[in-house]
Amino acid sequence: MHIHKLEKIWLVFGIGMLGVFLLILGISTFSYGLEPPSAHQAVNMENLYDTPPFDELGLNKLNDKEYEAILTAYVFGFNTGDEEFTVPVGSTVHFKATSPDVVHGFEIPGTNANMMVVPGIINHVTYTFDEPGEYLILCNEYCGVGHEIMQTTITVK
Amino acid sequence: MSQTTEEMKTEKEVVRLKDNKKTKHEEVNLKGTFASVMLLGGFLIITWLAVFILFLVRNG
Amino acid sequence: MNTVQQSEQAFDKKDSKLVISHIIFAFVALLIGGIAGLLQGLVRSDMIQLPAGIGYYQLLTAHGVLMALIFTTFFIIGFLFSGMSKTLGGKLLPRARTLGWLGFIHMGFGTLVATVMILLNKATVLYTFYAPMQASPFFYFALVFVVVGTWMSAAGMIYQYRYWKKEHKGETTPLTAYMSIITMSLWVIATLGVAVEVIFQLIPWSLGWVEGINIMLSRTLFWYFGHPLVYFWLLPAYICWYVMIPKIIGGKIFSDALARLSFILFLLFSIPVGFHHQLMEPGISPFWKFLQVVLTFLVVIPSLMTAFSLFASFEIYGRSKGAKGLFGWFKYLPWKDIRFFAPFMGMLIFIPAGAGGLINASNQMNAVVHNTLFVTGHFHLTVATSVTLTFFGITYWLIPAMTGRKLTPKMHKLGRMQTWVWVAGMAMMSGAMHIVGLFGSPRRTAYSDYNGHPDAAAWEPYYIIMAVGGTVLFIAVLMMIYNLYKLFTLPKGYEEYPIGEVSDLAEKPPKLFERWGFWVSIVVILILMAYTIPVIDILNNPSGGSKGFVTW
Ligand code: HEM
Ligand SMILES: [Cu+2]
Ligand SMILES: [Cu+2]
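In what follows, the accompanying structure is described. Values in this document were obtained by computation on a predicted structure and should not be read as measured data.

So, how was this worked out
Residues numbered from 1 in each chain as written. Chains lettered and ligands numbered in written order. Predicted model: local features only at pLDDT ≥ 70, side-chain atom pairs only at ≥ 80, totals over all residues. Heavy atoms only, no water. Donors = N, O, S within 2.8 Å, 3.2 Å for Na, K, Ca; no water. Buried < 20%, exposed > 50% of the residue type's maximum accessible area, 1.4 Å probe, protein only. Helix = DSSP H or I, 4+ residues; strand = E, 2+ residues; numbered from the N terminus. Pairing = 2+ DSSP bridges. Core = buried A, V, L, I, M, F, W, Y, C linked by side-chain atoms within 4.5 Å. Domains from an automatic or database assignment. Contact = heavy atoms within 4.5 Å. Buried area = accessible area lost by both parts, 1.4 Å probe. Salt bridge = Lys/Arg side-chain N within 4 Å of Asp/Glu carboxyl O. 1 Å grid on protein atoms, 1.4 Å probe; cavity = no way out; pocket = protein on both sides within 12 Å on 5 of 7 lines; lining within 4 Å. Points joined across faces, edges and corners; volume = space filled by probe spheres on them. Nonpolar A, V, L, I, M, F, W, Y, C, P; charged D, E, K, R; others polar. Expected span 1.5 Å × (residues − 1). Bend = angle between axes of the 7 residues up to and from the residue. Near = heavy atom within 4 Å. Polar contact = N/O pair within 3.5 Å; in protein donor to acceptor, adjacent residues only side chain to side chain. Tetrahedral: all angles 85-135°; square planar, octahedral: opposite > 155°, others 65-115°.

Describing the coordination of the copper ion (ligand 3)
Next up, step 1: Taken together, the protein ligands of the copper ion (ligand 3) are His227 of chain C (ND1), His276 of chain C (NE2) and His277 of chain C (NE2), with distances of 1.7 to 2.0 Å.
Next up, step 2: For the copper ion (ligand 3), the donor residues sit on a single chain with the sequence spacing H-x48-H-H.

The structure is reproduced here in C-alpha cells:
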C-alpha cells in the first residue's frame, strides 16, 4: 500500500506521541503507586452495618497524620458515623466506602479523590490534605431523586 | 452498465493514469496538510499535558 | 472502480420511502430530546423549576435515550440503507428492503414503549440504566425491540452486500458499502454485550424470576457495548468525510486503501476498550484497566490517518485550482455549500473533541474529570456536534436526492445560518461544561448549592453560560426542523448523491480487506484477551447478587 512520505512522518509522530503518553501514564501508575481506585474486597450488602469495617463508621487514627475514614454512601447521603470527618493539616486519609443500596460516587472537588461506590464491593481512595479548609464531599453518580442533595464535608485544620 | 458510462470510464482512466505518472515521480505537494496535522498534534500534546499537570498538582 | 457511474436517474421510490421514514423519525427524536435539553440547562442554572410532576432525571433519561440512542441510530440506518442502495446495484433487493421495514417497525415500537415508560416515571434510570436501579420490565423489553430491530436492518444490508458480491465476483466492493458493512458489523458485535445484559440479567431480575443481579457484570457488559456505540455514531460521519466530502468539493478521495484500513482498525480496536469508562470502579485490577487504556490509544491511530486524508483531499483540490503557499488551498473550499460547510464545522470541532477524549481515557488522569461536566462537555462536541452537524450536512442533499428535488441558494443560506447558531450555542454550553467540570462540578445532577459551600458557588456563573448556550442550541434545533420542512418543499429537480472518486488508480485495496472471517476472528481474540480474566474475576465475586431499587 502506497503511503505518502509526509503521512508516514505524521503517523510516526502521532503514534510516538501516543506511546509517550502511555509511557508516562504506565510508569506513574505502576512505579509511583498512582493506580486508579481498583479495590477488590467484596462485602455482604445484606447485613452491611454488622460487617467490619462498616460496623464502626468514622475516622480511625492509624499513625501520626494518617487516618482511615470508613463511610457508606446511601440514598441520599454519606454515613460517616457519629460526626463529620475532621483531621489536622497535612493528614493522609484513606477513604474506604461502599453502598448499602444503589451505585453512588465519591468526589472531593478540586482534588483527585474521585471513585465509584458500588454495592457489594469496597472501594478505596487516598488523599493528603495539605491546605486547611472545609472540603466538600459529593456524590457524582446519579442515584435517584435526591442525588443532588448527597453531600458531607471533611474539615482540615 | 450502459455503453456510454463504459466509455466515460475509460476516458477518465486515461486521464487518471496520466495524473498518476506525474504524482509517482514527484509526490503531490502536501506541505499544507502536514503543517495542519502537526498543528493538530501540537494541540493534543498541549491540552493533554495541561490536564496531566493539573492531575499532578491535585494529587496532594 | 465503482465510482465512475453517475446515473442521473432519481432514487428508487420504494427505497426513498424507507430512508425518509428513518430520517424523519430521527428528527422527531431530536426535537423532543432538544426540548428536554433546553429544560435541563435552565434547571441546572436555577433559572426555572419544573412544573409539578416532571423530574429533572426523568428529562435527562428522555434526553439521553432520544438523542444518544434513537436520533443517532435511526439516522444512521436510514443513511446507510441509502448508500447500499446507491452503490450496490441502484436499488435495494426486495428482501433487504423488507428487513429494513421490519427493523424500522421494531425500533419504532421499542422507542414508543420506552418513551411512554420514561414519561410515566417508571424508568428514570438514565440511558445507561445501571443496576441495581430497577426500571419497569417494559422498559427493558422496549430496549430489546430497538436492538433486535437494528439487527434486522443489519441483516438486510448484509444480504444486499452478499448478493452483490455473488453477482460481481472478484470486484472490489464500493467504498461506501464496504464502510457501511464494517459499521453494522461493529454494531452487531457490540450490541451482543448489551443484549446479554438486558436479556439474561435485567429482564429476569426485573420480572422477579431471579433474586439478585451481579452489578459489576452488568456494568462491564454495558460498557463492552458503550464504547463501540460511540464509534457506531462516528463511522457514518467518517463515511461522509471520506467518500462524500471529496466529491462535494470537486476533488478526489485521497486513498481508497487507507480509508478501508482505517475502518478495519476501528473494527478491531473500538470494542475491547470498555474499561476506560470504568477506571474509577472497584473490582477490576489496575493491570486490566491499563491494558484496555493501551487498546483505547490504538483506536486513535485511524483517526490520525483520517485527519491526514481529509486535509490532503482539500489541499490536492485547492492546488489543482492553482492555490499557492502553505495554506492557500483553504480559500478554494466551497464555503457557501452547506453540504460541505456543516460537515466541515463538524470536522473542526472534532479537534477539541478528540483532545478531550484522550484526556478522559488516560487511566489515573480520569480522576480529574470522571463523572464531572467535563465529560458531558466532551460528548456534546463529539456526538452532538461533530456527528450531528455531519448528519445535518448529509440531510441537505439526502432529502432532495430521495425526493427528486434541487437545493437552492436560499436553502444553502438557511443551512449556513443553522450551522453557525449550533456552533455558537455549543461553544458556550460545551465550553462552560469543560471548564466547570475541571473545577469538579458533577454531571447528571440537578441544581444544588451544596448548602452554600463556596466550591459550588464558584460554579454558578458557568451554569448561566450553559443555560444561555443551551437556549441558543435549542433555537438551532428549531431552525433545523424548519430547514427539514423546507427541504421537502424545494423545487423539483435533480440533486446528486455525492460518491467520491478515488484519486490514484494504482491503489487497488488488498483482497485481505474483505476476508471477514479473518477480521472477525481477530476481533474475537482481542475481546477475549481484554475481557476473559477480569470477567472471571467479576463472576467469582462472593458478595452475592443485589435486589432491585426504585430510588426516584
Ligand atoms: C438543544 C440541544 C441540546 C441541549 C440544550 C443539551 C443539553 C444537555 C444538558 C444540560 C445535559 C445534562 C447535563 C447533566 O446534568 O449531566 C445533557 C446531557 C446529554 N446530552 Fe445533550 N443537549 C443538547 C443536544 C444533544 C444532542 C444532539 C445529543 C446527541 C446526539 C445529546 C446527548 C446528550 C447525552 C448522551 C447526555 C447525557 C445523558 C446522561 O448523562 O444520562 N445532547 N444535554
Ligand atoms: Cu448520587
Ligand atoms: Cu469510550
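Some points on the pairing of strand E6 (residues 104-107) of chain A
Residues and elements named next belong to chain A.
Next up, step 1: What you see with E6 is no split at all: His104 and Phe106 on one side and Gly105 and Glu107 on the other are buried throughout.
Next up, step 2: Sheet analysis places E6 next to strand E7 (residues 114-117), joined by four bridges and oriented antiparallel. Looking at the pairing, glutamate 107 lines up with asparagine 114 of E7.
Next up, step 3: Counting the residues that bridge the hairpin from E6 to E7 gives six residues, and of these glycine 110 lies at a positive phi of roughly 85 degrees.

Examining the nonpolar core
Next up, step 1: With 259 residues, the main nonpolar core has Phe95 and Phe106 of chain A together with Phe79, Phe129, Phe139 and Tyr140 of chain C as its most contacted residues.
Next up, step 2: Among the elements that line this core, the one with the most residues is helix H6 (residues 215-249) of chain C, at 25 residues.
Next up, step 3: Two domains each donate at least three residues to this core, and these are domain 1 (1-35) and domain 2 (41-156) of chain A.
Next up, step 4: Sequence-distant contacts of phenylalanine 139 of chain C, that is, excluding residues within four places in its chain, are made with Ala114, Met117, Ile118, Ala123, Val125 and Phe129 of chain C.
Next up, step 5: Judged by nonpolar contacts, the second largest core, of five residues, contains Val43, Leu48, Phe54 and Ile122 of chain A.

Some remarks on the interface of chain C and chain A
In many analyses, interface size is given as the accessible surface area lost on bringing the parts together.
Next up, step 1: Listed by partner, the interface residues are 68 residues for chain C and 62 residues for chain A.
Next up, step 2: Note on chain C versus chain A: buried area summed over both sides is about 5400 Å², and carbon and sulfur give 69% of it.
Next up, step 3: Joining chain C to chain A, the criterion identifies one salt bridge.
Next up, step 4: Linking glutamate 141 of chain A and arginine 444 of chain C is a salt bridge whose minimum nitrogen-to-oxygen distance equals 3.5 Å.
Next up, step 5: Among the secondary structure elements, those contributing two or more residues to the side of chain C that touches chain A are H6, helix H7 (256-269), helix H8 (286-298), helix H9 (301-320), helix H11 (366-369) and helix H14 (454-487) of chain C.
Next up, step 6: The element that contributes the greatest number of residues to the side of chain C that touches chain A is H8 of chain C, accounting for seven residues.

Regarding empty space enclosed by the protein
Residues and elements named next belong to chain C.
Next up, step 1: This model, assessed by the stated rule, comprises seven cavities of 30 Å³ or more.
Next up, step 2: Taken as a whole, the largest cavity holds about 260 Å³ of empty space.
Next up, step 3: Together, 21 residues line the largest cavity, and Leu69, Leu143, Val146, Val147 and Phe225 are the ones closest to its centre.
Next up, step 4: Those elements that place two or more of their residues in the lining of the largest cavity are helix H2 (56-87), helix H3 (94-119), helix H4 (137-167), helix H5 (175-206) and H6.
Next up, step 5: Of the residues in the lining of the largest cavity, the class split is 18 nonpolar, three polar and no charged.

Focus: H5 of chain C
Residue and element names in this part refer to chain C.
Next up, step 1: Across its 32 residues, H5 extends 44 Å between first and last C-alpha, which sits within 8% of the 46 Å expected from 1.5 Å per residue.
Next up, step 2: Helix geometry: H5 is bent most strongly at valine 198, by close to 30 degrees.
Next up, step 3: Most of H5 sits out of view: 27 of its 32 residues are buried.
Next up, step 4: Among the residues trailing H5, glycine 208 stands out with phi positive, at a value near 80 degrees.

A closer look at the site of ligand 1
All names here are of chain C.
Next up, step 1: As a matter of local geometry, ligand 1 sits amid 27 residues, with Arg44, Tyr56, His63, His380 and Arg444 nearest to it.
Next up, step 2: A distance of 2.8 Å separates a nitrogen atom of ligand 1 from a polar atom in the side chain of histidine 380.
Next up, step 3: Of the residues assigned to the shell around ligand 1, the class counts are 14 nonpolar, ten polar and three charged.

Re unusual backbone geometry
Next up, step 1: Proline 53 of chain A follows proline 52 of chain A through a cis peptide bond whose omega is 0 degrees.
Next up, step 2: Relative to the assigned elements, proline 53 of chain A resides in the loop between helix H1 (5-31) and strand E1 (58-63).
Next up, step 3: Looking along the chain, the bond that leaves valine 75 of chain A and enters phenylalanine 76 of chain A is cis, with omega of 0 degrees.
Next up, step 4: Inspection of the secondary structure assignment puts phenylalanine 76 of chain A in the loop between strand E2 (66-74) and strand E3 (77-79).
Next up, step 5: Even without a glycine there, the phi angle at aspartate 46 of chain C is positive, about 65 degrees.

Considerations on the coordination of the iron atom of ligand 1
All names here are of chain C.
Next up, step 1: In this structure, His63 (NE2) and His380 (NE2) serve as the protein donors to the iron atom of ligand 1, at separations of 2.0 Å.
Next up, step 2: One way to put it: the six donor atoms around the iron atom of ligand 1 meet at angles of 86 to 180 degrees, and that makes the site octahedral. Placement of histidine 63 in helix H2 and of histidine 380 in helix H12 (residues 373-403) is noted, with a sequence separation of 317 residues between them.
Next up, step 3: For histidine 63, a relative accessible area of 14% gives the class buried.
Next up, step 4: Given a relative accessible area of 12%, histidine 380 falls into the buried group.

Here's the deal with the pattern of salt bridges
Residues and elements named next belong to chain C.
Next up, step 1: A complete count under the given rule lists 14 salt bridges over all chains for this structure.
Next up, step 2: One salt bridge in this structure joins aspartate 15 and arginine 97, with 2.7 Å as the shortest N-O distance. On the criterion of sequence distance, the pair formed by aspartate 15 in helix H1 (residues 13-44) and arginine 97 in helix H3 is long-range, its members being 82 residues apart. A single burial state applies to aspartate 15 and to arginine 97, both of which are buried.
Next up, step 3: Between lysine 247 and glutamate 496 there is a salt bridge, and its shortest N-O distance comes to 3.8 Å. Taken together, the residues span a long stretch of sequence, with lysine 247 in helix H6 and glutamate 496 in the loop between H14 and helix H15 (516-539) at a distance of 249 residues.
Next up, step 4: Taking relative accessible area as the criterion, glutamate 496 reaches 22% and is therefore assigned partly exposed.

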